[in-house]
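Report on the structure
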Number of protein chains: 2
Amino acid sequence: MVRRNASLAQQIILEMLSEIKSGTMARDDGLLPSETELSRRFEVSRATVREALSKLEMAGVIIRRQGVGTFVNSRSSGQRAAVRGWFDEATALIDFVRDSDSQAQAQVIESRIRPANEVAGCLELEPASSVVAIEKLFLSGGIPVIHCANVIPLSLVEPGSVEKAAELFRGAESAYQFIAHYCHHRVHHQQSETRAALADEKLAHLLQCQLGAPLLRVEEVAYNAELRPVFYGLNHFRGDLVAFRQVRHPALTIGPLAATPG
Amino acid sequence: MVRRNASLAQQIILEMLSEIKSGTMARDDGLLPSETELSRRFEVSRATVREALSKLEMAGVIIRRQGVGTFVNSRSSGQRAAVRGWFDEATALIDFVRDSDSQAQAQVIESRIRPANEVAGCLELEPASSVVAIEKLFLSGGIPVIHCANVIPLSLVEPGSVEKAAELFRGAESAYQFIAHYCHHRVHHQQSETRAALADEKLAHLLQCQLGAPLLRVEEVAYNAELRPVFYGLNHFRGDLVAFRQVRHPALTIGPLAATPG
DNA sequence: AAGTGGTCTAGACCACCAT
DNA sequence: TGGTGGTCTAGACCACTTA
């Protein structure tokens, strides 16, 4: 189970996910071993177990009940074309689509080098400076469900790869991978903005839906550790086929002093 | 600054939010005191400071950079009609609207007792059993931006309040408050599903937008500590005026072994 | 080299829930 | 009353960045 260079908590997360999936960890009613029991089994401190459980809870995988125990969240498994936890995780889209459809495919429409233009502001570039852009479609069950456009400043690409940047991007598994391999940067965090939009002619054609059909639009900018933008993404999800599922906890009472409305 | 019955971490969160807002905590470039310094100032252990900082980071308020320091997220403040962090928090909608417009108003359209019907499944009720339902509009700058429908099983309402449940719900600040006051339950967590949808005739009229305008639809079910559903909510956000803003971190690598696509 | 955040430990006490 | 998760401590070492 051990992965080099992964924290103990991360290793415990992966092991627990695996054992939850195979059904060897939880009781029939979903009850998991207690934190003390888990810390004995994994030979780590209880604090480390709690670190792992906190992330699994945030991801909606488990439910913790004080004085009772920790349970697997049965309402969270066995889903349709749902994107779960994506808002918190900043990892590749395709992985989340595969979570509900292991046969999901990514299909590159186009990749090329072009001026930054309309995304210059987001990426903190001059409008005339060059970027590598890619357009993809994600298919689930053979049906296009997500359209995705990613843009990376060409100035970030290592000198030896600038010439073939478009081609390399086309071959990369994701923007994350391209940035790691050919720009020697890592994504530190992303800021995203989610809205509703209507399918225009181009998107309707690509996503095989009607003109004016409802779409979820997620715009995102990724930053490296120096807080410099490393990529821009514009994603459109078919509103009738895709849903974002989240588990929300009344933990942080940020801003207002009392939890009130609804 | 102290609030009774609040954890030290929670108190630190509120204090830091206040000091960040007033500008007395961060340096001009946004750098906050180190964790060690904060633990001295608040007279708590570093672990407790980190607990608070983790939640502020998740909420997108601060950015932590290993080896450098902790900074306020300047891109996160000074927003429009944005809903920030709502996916993680499970608190009242109105508070989040007020976050970007302190003049925001809630306006009750209707509240009544009716059969569960179409929401019976979500609430684990018989279709014929009674529920208290409320419909609200949230206005920002005088413009309706969110339509919200909440449903609570009448069986949860304390016997003495059943008769006037509709009226009491109308007077309550939120579904959370109604449930706490008149049902003696607390929300343990919520499951939500976000999609894109089009405005039908009714919603177009209420939200003062065109028929077929894009809307964000968030459907949610809240559960108490015993994992019994306590309320159902169906919220529609005007796609042109409201956006969900999130900060995503590549922390949890759940499911896939490598962070890959985009 | 010095300072930062990231990880981890061993132990303590509390609030809550079951019995 | 015993077991659970929730909170908190004091200390240690590591990885990373900056100077």
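Residues numbered from 1 in each chain as written. Chains lettered and ligands numbered in written order. Predicted model: local features only at pLDDT ≥ 70, side-chain atom pairs only at ≥ 80, totals over all residues. Heavy atoms only, no water.

**Notes on the overall build of chain A**
Secondary structure assignment for chain A yields nine helices and ten strands. Burial status across chain A gives 56% buried among its 262 residues. For chain A, the computed accessible surface area is about 11,900 Å², with 49% contributed by carbon and sulfur atoms. (Helix = DSSP H or I, 4+ residues; strand = E, 2+ residues; numbered from the N terminus. Buried < 20%, exposed > 50% of the residue type's maximum accessible area, 1.4 Å probe, protein only. Areas by Shrake-Rupley, 256 points an atom, 1.4 Å probe, with all protein chains shown as cover.)

**Regarding the protein's contact with DNA strand C**
Taken together, 22 residues surround DNA strand C, and among them A:Leu8, A:Ser45, A:Thr48, B:Glu35 and B:Arg46 come closest. Of everything in DNA strand C that lies within 4 Å of the protein, sugar and phosphate atoms constitute 68%. In the environment of DNA strand C, a phosphate oxygen lies 2.5 Å from a nitrogen or oxygen atom belonging to the backbone of A:Leu8. B:Arg46 places a side-chain nitrogen or oxygen 2.7 Å from a base nitrogen of DNA strand C. The element best represented in the surface near DNA strand C is helix 3 (residues 46-58) of chain A, accounting for three residues. For the surface near DNA strand C, the residue count by class is six nonpolar, ten polar and six charged. (Near = heavy atom within 4 Å. Polar contact = N/O pair within 3.5 Å; in protein donor to acceptor, adjacent residues only side chain to side chain. Nonpolar A, V, L, I, M, F, W, Y, C, P; charged D, E, K, R; others polar.)

**Thoughts on the pattern of salt bridges**
One pass over the structure, following the stated rule, counts 30 salt bridges over all chains. With a shortest N-O distance of 2.9 Å, B:Glu35 and B:Arg50 are connected by a salt bridge. Of this pair, B:Glu35 sits in helix 2 (residues 35-42) while B:Arg50 sits in helix 3 (residues 46-58), placing them 15 residues apart in sequence. The shortest N-O distance in the salt bridge between B:Lys55 and B:Glu51 comes to 3.7 Å. Note that B:Lys55 and B:Glu51 are positioned in helix 3 at a spacing of four residues, about one turn of the helix. A residue is classified by how much of its surface remains accessible, and B:Lys55, at 22% relative accessible area, is partly exposed. In this structure, a network of salt bridges that share partners links the residues A:Glu35, A:Arg46, A:Arg50, A:Glu57 and A:Arg64. (Salt bridge = Lys/Arg side-chain N within 4 Å of Asp/Glu carboxyl O.)

**Remarks on the domain arrangement of chain A**
If you check the domain split of chain A, you get domain 1 (8-78) and domain 2 (89-245). Measuring from the centre of the C-alpha atoms in domain 1 of chain A to the corresponding centre in domain 2 of chain A gives 33 Å. (Domains from an automatic or database assignment.)

**Considering helix 1 (residues 8-22) of chain A**
Residues and elements named next belong to chain A. For helix 1, with 15 residues, the first-to-last C-alpha span of 21 Å sits near the 21 Å given by 1.5 Å per residue. Contact partners of the buried residues in helix 1: helix 2 (35-42) and helix 3. Within two residues after helix 1, Gly23 carries a phi angle of roughly 80°, on the positive side. (Expected span 1.5 Å × (residues − 1). Contact = heavy atoms within 4.5 Å.)

**Let's talk about the packing of helix 1 of chain A against helix 2 of chain A**
Residues and elements named next belong to chain A. The N-to-C vectors of helix 1 and helix 2 enclose an angle of 110°; their axes lie 12 Å apart at closest approach. Classified by the angle their axes make, helix 1 and helix 2 are roughly perpendicular. Note on element contacts: helix 2 touches helix 1 through Leu38, Arg41 and Phe42, opposite Ile12, Glu15, Met16 and Glu19. Here the contact of helix 1 with helix 2 is built from residues that sort into four nonpolar, no polar and three charged. (Axes fitted to C-alpha atoms, helices over the stretch in contact; angles between N-to-C directions. Parallel < 35°, antiparallel > 145°, perpendicular 65-115°, else oblique.)

**Some remarks on unusual backbone geometry**
Unusually for a residue other than glycine, A:His184 sits at a positive phi of about 55°. As for its position among the elements, A:His184 is in the loop between helix 8 (175-182) and strand 7 (189-198). Take A:His184: its relative accessible area is 56%, and that puts it in the exposed class. Unusually for a residue other than glycine, B:Glu124 sits at a positive phi of about 55°. By the secondary structure assignment, B:Glu124 is in the loop between helix 6 (120-123) and strand 5 (130-140). Classification of B:Glu124 by relative accessible area gives partly exposed; the value is 49%.

**Here we look at the nonpolar core**
Of all hydrophobic cores here, the largest spans 25 residues; its most connected members are A:Leu216, A:Phe237, B:Phe138, B:Ile146, B:Leu216 and B:Phe237. Where this core is concerned, the elements lending two or more residues are strand 6 (143-153) and strand 8 (214-223) of chain A together with helix 5 (93-100), strand 6 (143-153) and strand 8 (214-223) of chain B. Beyond its immediate stretch of four places on either side in the chain, A:Leu216 contacts A:Thr194, A:Arg195, A:Asn235, A:His236, A:Phe237, A:Val242, A:Phe244, B:Thr194, B:Arg195, B:Ala196 and B:Leu216. (Core = buried A, V, L, I, M, F, W, Y, C linked by side-chain atoms within 4.5 Å.)

**Looking at the side chain of B:Gln190**
The topology assignment puts B:Gln190 in strand 7 (residues 189-198). At 2.5 Å, the side chain of B:Gln190 forms a polar contact with the side chain of B:Glu220.

**Structural notes on the protein's contact with DNA strand D**
In the neighbourhood of DNA strand D, 22 residues make up the surrounding shell, with A:Glu35, A:Arg46, B:Leu8, B:Ser45 and B:Thr48 lying closest. When atoms of DNA strand D within 4 Å of the protein are split into backbone and base, the sugar-phosphate part holds 67%. One of the side-chain N or O atoms of A:Thr70 is found 3.1 Å from a phosphate oxygen in DNA strand D. With respect to DNA strand D, the side chain of B:Thr48 contributes an N or O atom lying 2.6 Å from a phosphate oxygen. Counting only elements with at least two residues in the surface near DNA strand D, the list comes to helix 3, strand 1 (62-65) and strand 2 (69-72) of chain A together with helix 1 (8-22) and helix 3 of chain B. Sorting elements by how many residues they give to the surface near DNA strand D places helix 3 of chain B first, with three residues.

**Considerations on the state of the cysteines**
Any covalent bond linking the sulfur atoms of two cysteines counts as a disulfide. Residue and element names in this part refer to chain A. A complete count under the given rule lists zero disulfides over all chains for this structure. Free of any disulfide, Cys122 has its nearest cysteine sulfur in Cys148, 15 Å distant. The exposure class of Cys122 is partly exposed, given its relative accessible area of 30%. (Disulfide = S-S within 2.5 Å.)

**Description of the packing of aromatic side chains**
Residue and element names in this part refer to chain A. A full pass over the atoms with the stated rule returns eight aromatic pairs over all chains. Relative to Phe178, the ring of Phe169 lies with its centre 4.7 Å away and its plane at 25°, an arrangement referred to as stacked. With a relative accessible area of 1%, Phe169 lands in the buried category. Centre to centre, the rings of Phe178 and Tyr182 are 5.2 Å apart; their planes meet at 50°, and the pair counts as tilted. Here Phe178 and its partner Tyr182 are both found in helix 8, four residues apart, which amounts to about one turn of the helix. Under the relative-accessibility criterion, Phe178 is labelled buried at 0%. Among the aromatic side chains, those forming a connected cluster through ring pairs are Phe169, Phe178 and Tyr182. (Phe/Tyr/Trp six-rings, centres within 6.5 Å; stacked < 30°, edge-to-face > 60°.)

**Quick notes on the pairing of strand 6 of chain B**
Looking down a regular strand, the side chains alternate between one sheet face and the other. All names here are of chain B. Here strand 6 lies mainly inside the structure; ten of its eleven residues are buried. In this sheet, strand 6 lies alongside strand 5 in antiparallel orientation, the contact comprising ten bridges. When the bridges of strand 6 are listed, Lys136 appears paired with Cys148. The hairpin turn running from strand 5 into strand 6, its antiparallel successor, is two residues long, and Gly141 in that turn takes a positive phi close to 65°. Of the pairings in the sheet, the one linking strand 6 to strand 9 (residues 229-238) comprises six bridges and is antiparallel in character. (Pairing = 2+ DSSP bridges.)

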